[in-house]
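# Understanding the architecture of this molecule
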6 protein chains.
Amino acid sequence: MPIVNIQITREGSTPGAFAATAEEKAALIKGVSQLLLDVLKKPLSSTFVVIDEVDTENWGRGGLPVDQFRQQQGSGSPE
Amino acid sequence: MPIVNIQITREGSTPGAFAATAEEKAALIKGVSQLLLDVLKKPLSSTFVVIDEVDTENWGRGGLPVDQFRQQQGSGSPE
Amino acid sequence: MPIVNIQITREGSTPGAFAATAEEKAALIKGVSQLLLDVLKKPLSSTFVVIDEVDTENWGRGGLPVDQFRQQQGSGSPE
Amino acid sequence: MPIVNIQITREGSTPGAFAATAEEKAALIKGVSQLLLDVLKKPLSSTFVVIDEVDTENWGRGGLPVDQFRQQQGSGSPE
Amino acid sequence: MPIVNIQITREGSTPGAFAATAEEKAALIKGVSQLLLDVLKKPLSSTFVVIDEVDTENWGRGGLPVDQFRQQQGSGSPE
Amino acid sequence: MPIVNIQITREGSTPGAFAATAEEKAALIKGVSQLLLDVLKKPLSSTFVVIDEVDTENWGRGGLPVDQFRQQQGSGSPE
């Protein structure tokens, strides 16, 4: 009866999207539940998944808020 | 000095309610703090409780977002 | 389908005990699951509980490891 | 830069195993990182995964420690 | 490659502020990342920080929602 | 009343050490509690800190257990 928590930044993966879509979230839920069935034989019905979307100003890396970290790395991509 | 984290879906427990009410949250805080006093003798003042409300599209079970899981189970109840 | 995480220090609630007992853990699981049924009408079978025992040197309060904090407070009790 | 936390009970998926093996853990890490690349285009190097193994007496479901819950359900399987 | 999660109540630290500011969050991210470098020699780039802001009605202490706890303590300060 | 959770790999920061020492943990607790006082004016006594040490085989990055990730990066350092 696994519990999976997925923390992601609140932003889109495609131009014009500002957050993960319901379809993307459903794909994460389906994929990780299937993974636990494949690897550890956990029935799908026993796995709980919680997706936690975090505003980019609340996420830090390299000692910086993530937007500034990406600028410093020369990358604007939604890493 | 326990820390209790309660994750629930963001939805009401009664018709017309769209989320747990302040009264329901206060009852959760009171009840779980009392439980830690009763069972482990932790003073009320030492227990921290955080309630985390999760949108239903961010919660998965059975490999599906929870709304779809409930439909599949033939249940629309806010389980 | 709530998820409850209870973090406690790894220590006993009675003389001679060095950790919460299996009976105490069972009482926490039973009590908090019942609470979610009473307050939010969540079926018992839908609630997951995880108890996380933390070594006292890994727990801090007042800027100090918890054992030192208690000494400073003039209290040796397993708060 | 997602963070994935996977909580599982500490028990084996095959007879004679008492915990997830290093190979099974590696498969979980690989699989969930690939999933975040496939679904949200997150580079593998940006995903952190933490697996948290929980003793069965610290895991509750249905208001019971998980071993008792499984007995009640007539199932001894490592769900 | 540490992961730091900071949970705070959603409220301001100065009159007229209703939440931690972007500058305050950046200072938390910078400070805790530097701390892990100083104490454990973890490179800044390896540390992830997530700040989690919690509504005061979702935070409990002393068996009460935090606003009521503060009133009881005779303190309105954003402890 | 902040709650800070610090997850680190279970390994030493100096030759011959196999885990963070009690002194290093105390320095983390002191430092992060002071940071919350400096930045958000949270009293030391209101901050809880939990340090969570994770076995390296339970920590993944780049789709690999962390020991393999470091080898791939040509780095054996306890990043």
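Here the structure is a predicted model, which means the values were calculated and not measured.

To continue, consider the side chain of threonine 47 of chain A. Turning to its location among the elements, threonine 47 of chain A is positioned in the loop between helix H1 (22–40) and strand S2 (48–54). The exposure class assigned to threonine 47 of chain A is buried, which follows from its relative accessible area of 0%. Residues in contact with threonine 47 of chain A, not counting those within four places in the same chain, are Pro2, Val4, Ser33, Leu36 and Lys42 of chain A together with Gly60, Arg61 and Gly62 of chain B.

Of note, asparagine 58 of chain B is situated in the loop between strand S2 (48–54) and strand S3 (59–61). Expressed as a C-alpha distance, the spacing of asparagine 58 of chain B and leucine 36 of chain B, which sit 22 residues apart in the sequence, is 30 Å. Each residue touching asparagine 58 of chain B, except ones within four places of it in the same chain, is listed here: Lys25, Val49, Val50, Ile51 and Glu53 of chain A.

Helix-helix packing is characterised by the crossing angle of the two axes and by the distance between the axes. In the contact formed by helix H1 (residues 22–40) of chain B and helix H1 (residues 22–40) of chain C, the axes pass within 10 Å of each other and the chain directions differ by 160 degrees. When the axes of H1 of chain B and H1 of chain C are compared, the pair comes out roughly antiparallel. The handedness of the crossing between H1 of chain B and H1 of chain C is right-handed. The residues of H1 of chain C that touch H1 of chain B, namely those facing Glu24, Ala27, Leu28, Gly31, Val32, Leu35, Leu36, Val39 and Leu40 of chain B, are Glu24, Ala27, Leu28, Gly31, Val32, Leu35, Leu36, Val39 and Leu40 of chain C. Partitioned by chemical class, the residues of the contact of H1 of chain B with H1 of chain C number 14 nonpolar, 2 polar and 2 charged.

Superposing chain A onto chain B requires a rotation of 120 degrees together with a translation of 0.0 Å along the rotation axis, leaving an RMSD of 0.0 Å. The two molecules are tied by a three-fold rotation axis, judged by turn and shift. Residue aspartate 52 of chain A of chain A places its C-alpha closer to the rotation axis than any other residue of that unit, at 5.8 Å.

This next bit is on the relation of the copies chain D and chain A. The relation between the two copies of this chain is a rotation about an axis and a shift parallel to it. Take chain D, turn it by 180 degrees, move it 0.0 Å along the axis, and it overlays chain A with an RMSD of 0.0 Å. The symmetry that links the two subunits is that of a two-fold axis. Looking at the rotation axis and the C-alpha trace of chain D, the residue lying nearest is asparagine 5 of chain D, at 2.5 Å. A shared binding surface is used by both copies, with 100% of the interface residues of chain D retained as interface residues in chain A.

Moving on, we come to the UniProt feature "domain: 4-oxalocrotonate tautomerase-like" (unreviewed entry) in chain A. The feature "domain: 4-oxalocrotonate tautomerase-like" (unreviewed entry), as annotated in UniProt, sits at residues 2–66 of chain A in this numbering. Its end C-alpha atoms 30 Å apart, residues 2–66 of chain A is made of 31% helix and 29% strand.

Counting across every chain of the model gives 24 salt bridges over all chains. Where glutamate 53 of chain B meets lysine 25 of chain B, a salt bridge forms, and the shortest distance between an N and an O atom there is 2.9 Å. Of the two residues, glutamate 53 of chain B sits in strand S2 while lysine 25 of chain B sits in helix H1, which places them 28 residues apart along the sequence. Overall, the relative accessible area of 11% leaves glutamate 53 of chain B in the buried class. When the shortest N-O distance is used, the salt bridge between arginine 70 of chain E and glutamate 11 of chain E registers 2.9 Å. With arginine 70 of chain E in helix H2 (residues 66–72) and glutamate 11 of chain E in the loop between strand S1 (3–9) and helix H1 (22–40), this residue pair connects regions lying 59 residues apart in the sequence.

To continue, consider the sheet that holds S2 of chain B. With respect to topology, 8 strands assemble into an open sheet ordered S4(D)-S3(D)-S2(C)-S1(C)-S1(B)-S2(B)-S3(E)-S4(E), the strand pairing being mixed. Looking at strand neighbours, the two that pair on one side only are strand S4 (64–65) of chain D together with strand S4 (64–65) of chain E, the edges of this open sheet. Packed on one face of the sheet, H1 of chain B meets strand S1 (3–9) and S2 of chain B, strand S1 (3–9) of chain C together with strand S3 (59–61) and S4 of chain E and runs near 140 degrees to S2 of chain B.

This part covers empty space enclosed by the protein. As enumerated under the stated definition, the model contains 7 cavities of 30 Å³ or more in all. Estimated volume of the largest cavity: approximately 740 Å³. Lining the largest cavity are 27 residues, with Asn5 of chain B, Asn5 of chain C, Asn5 of chain D, Asn5 of chain E together with Asn5 of chain F sitting closest to its centre. Elements that contribute at least two residues to the lining of the largest cavity include exactly strand S1 (3–9) and S2 of chain A, S1 of chain B, S1 of chain C, strand S1 (3–9) and strand S2 (48–54) of chain D, S1 of chain E together with strand S1 (3–9) of chain F. Examining the composition of the lining of the largest cavity, we find that 4 residues originate from one element, S1 of chain B, more than from any other. The class makeup of the residues in the lining of the largest cavity is 9 nonpolar, 12 polar and 6 charged.

A separate point is the pairing of strand S2 (residues 48–54) of chain F. Taken across its 7 residues, S2 of chain F has 6 buried, putting it largely inside the fold. Bridge analysis of strand S3 (residues 59–61) of chain C against S2 of chain F gives 3 bridges, and the strand direction is antiparallel. Bridge assignment links tryptophan 59 of chain C to a residue of S2 of chain F, and that residue is valine 50 of chain F.

The rules behind the values
Residues numbered from 1 in each chain as written. Chains lettered and ligands numbered in written order. Predicted model: local features only at pLDDT ≥ 70, side-chain atom pairs only at ≥ 80, totals over all residues. Heavy atoms only, no water. Helix = DSSP H or I, 4+ residues; strand = E, 2+ residues; numbered from the N terminus. Buried < 20%, exposed > 50% of the residue type's maximum accessible area, 1.4 Å probe, protein only. Contact = heavy atoms within 4.5 Å. Axes fitted to C-alpha atoms, helices over the stretch in contact; angles between N-to-C directions. Parallel < 35°, antiparallel > 145°, perpendicular 65-115°, else oblique. Left-handed = near helix turned anticlockwise from the far one by under 90°. Nonpolar A, V, L, I, M, F, W, Y, C, P; charged D, E, K, R; others polar. Least-squares fit on C-alpha atoms with pLDDT ≥ 70 in both. UniProt positions renumbered as here; feature names shortened; annotations may be inferred. Salt bridge = Lys/Arg side-chain N within 4 Å of Asp/Glu carboxyl O. Pairing = 2+ DSSP bridges. 1 Å grid on protein atoms, 1.4 Å probe; cavity = no way out; pocket = protein on both sides within 12 Å on 5 of 7 lines; lining within 4 Å. Points joined across faces, edges and corners; volume = space filled by probe spheres on them.

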